[in-house]
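# Fold and contact review
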Amino acid sequence: MTYVVTDNCIRCKYMDCVEVCPVDCFYEGENMLVIHPDECIDCGVCEPECPAEAIKPDTEPGLDQWLTLNAEYAEKWPNITVKREPPADAKEMDGVAGKLEAYFSSEPGQGD
Ligand code: SF4
Ligand code: SF4
């Protein structure tokens, strides 16, 4: 089992999650984060910290696509452990439907 970052992180990217993870398993893309499924120890502390409610346990149904995406980009993007400012329009983007199709970027973020 692991936790996964899902659609609503895209362009919200508040990054409250990275500071609480005991094993530093968040990786940063240009406009979202992912969790490395092989590094996550399933502690669950990040889930309630996410203002966008974008972090889910992979035991929830329907998350296969997100588990695959988290695994793929955790290998490609830089590690992130320090919170920075969220995007200026993070609040407006919170809850927007269909972000994966409309806004996902495969480009890496800056990392720590
Ligand atoms: S706190 Fe939530 S929205 Fe912010 S970066 Fe982490 S997963 Fe994404
Ligand atoms: S569940 Fe725990 S180990 Fe996994 S990403 Fe969240 S804080 Fe890190």
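Scoring rules and cut-offs
Residues numbered from 1 in each chain as written. Chains lettered and ligands numbered in written order. Predicted model: local features only at pLDDT ≥ 70, side-chain atom pairs only at ≥ 80, totals over all residues. Heavy atoms only, no water. Near = heavy atom within 4 Å. Nonpolar A, V, L, I, M, F, W, Y, C, P; charged D, E, K, R; others polar. Helix = DSSP H or I, 4+ residues; strand = E, 2+ residues; numbered from the N terminus. Buried < 20%, exposed > 50% of the residue type's maximum accessible area, 1.4 Å probe, protein only. Contact = heavy atoms within 4.5 Å. Polar contact = N/O pair within 3.5 Å; in protein donor to acceptor, adjacent residues only side chain to side chain. Core = buried A, V, L, I, M, F, W, Y, C linked by side-chain atoms within 4.5 Å.

### As for the site of ligand 2
Lining the immediate surroundings of ligand 2 are 13 residues, of which Cys21, Cys40, Cys43, Gly44 and Cys46 lie closest. Looking at side-chain class alone, the shell around ligand 2 contains 12 nonpolar, one polar and no charged residues.

### Description of unusual backbone geometry
Its identity is not glycine, yet Arg11 carries a phi of approximately 65°, on the positive side. For Arg11, the location among the structural elements is in the loop between strand S1 (3-5) and helix H1 (16-20). With relative accessibility at 26%, the residue Arg11 sits in the partly exposed group. Its identity is not glycine, yet Lys13 carries a phi of approximately 45°, on the positive side. Within the secondary structure layout, Lys13 lies in the loop between S1 and H1.

### Quick word on the site of ligand 1
Neighbouring ligand 1 are the residues Val5, Cys9, Lys13, Tyr14, Met15, Asp16, Cys17, Leu33, Cys50, Pro51, Ala52 and Ile55. Grouping the amino acids of the shell around ligand 1 by side-chain chemistry returns 10 nonpolar, no polar and two charged.

### Points about the environment of Glu39
Counting through the fold element by element, Glu39 comes out in the loop between strand S3 (33-35) and strand S4 (55-57). Exposure remark for Glu39: the relative accessible area of 30% places this residue in the partly exposed category. Every residue in contact with Glu39, bar those within four places of it in the chain, is listed here: Val23, Asp24, Cys25 and Tyr27.

### Thoughts on the side chain of Thr6
On the secondary structure map, Thr6 appears in the loop between S1 and H1. The exposure class assigned to Thr6 is buried, which follows from its relative accessible area of 8%. Polar side-chain contacts of Thr6 include one of 2.7 Å to the backbone oxygen of Ala54. Once residues lying within four places of it in the same chain are set aside, the contact partners of Thr6 are Met32, Ala54, Lys56, Leu63 and Trp66.

### A look at the nonpolar core
Within the largest apolar cluster, 34 residues are counted, with the highest numbers of intra-cluster contacts made by Phe26, Met32, Leu33, Val34, Ile35, Ile55 and Trp66. For this core, the secondary structure elements donating two or more residues are S1, H1, strand S2 (26-28), S3, helix H2 (64-74) and helix H3 (90-93). The element that contributes the greatest number of residues to this core is H2, accounting for four residues. Residues within four places of Val34 in sequence aside, it is in contact with Val5, Cys25, Phe26, Tyr27, Leu69, Asn70, Tyr73, Ala74 and Trp77.

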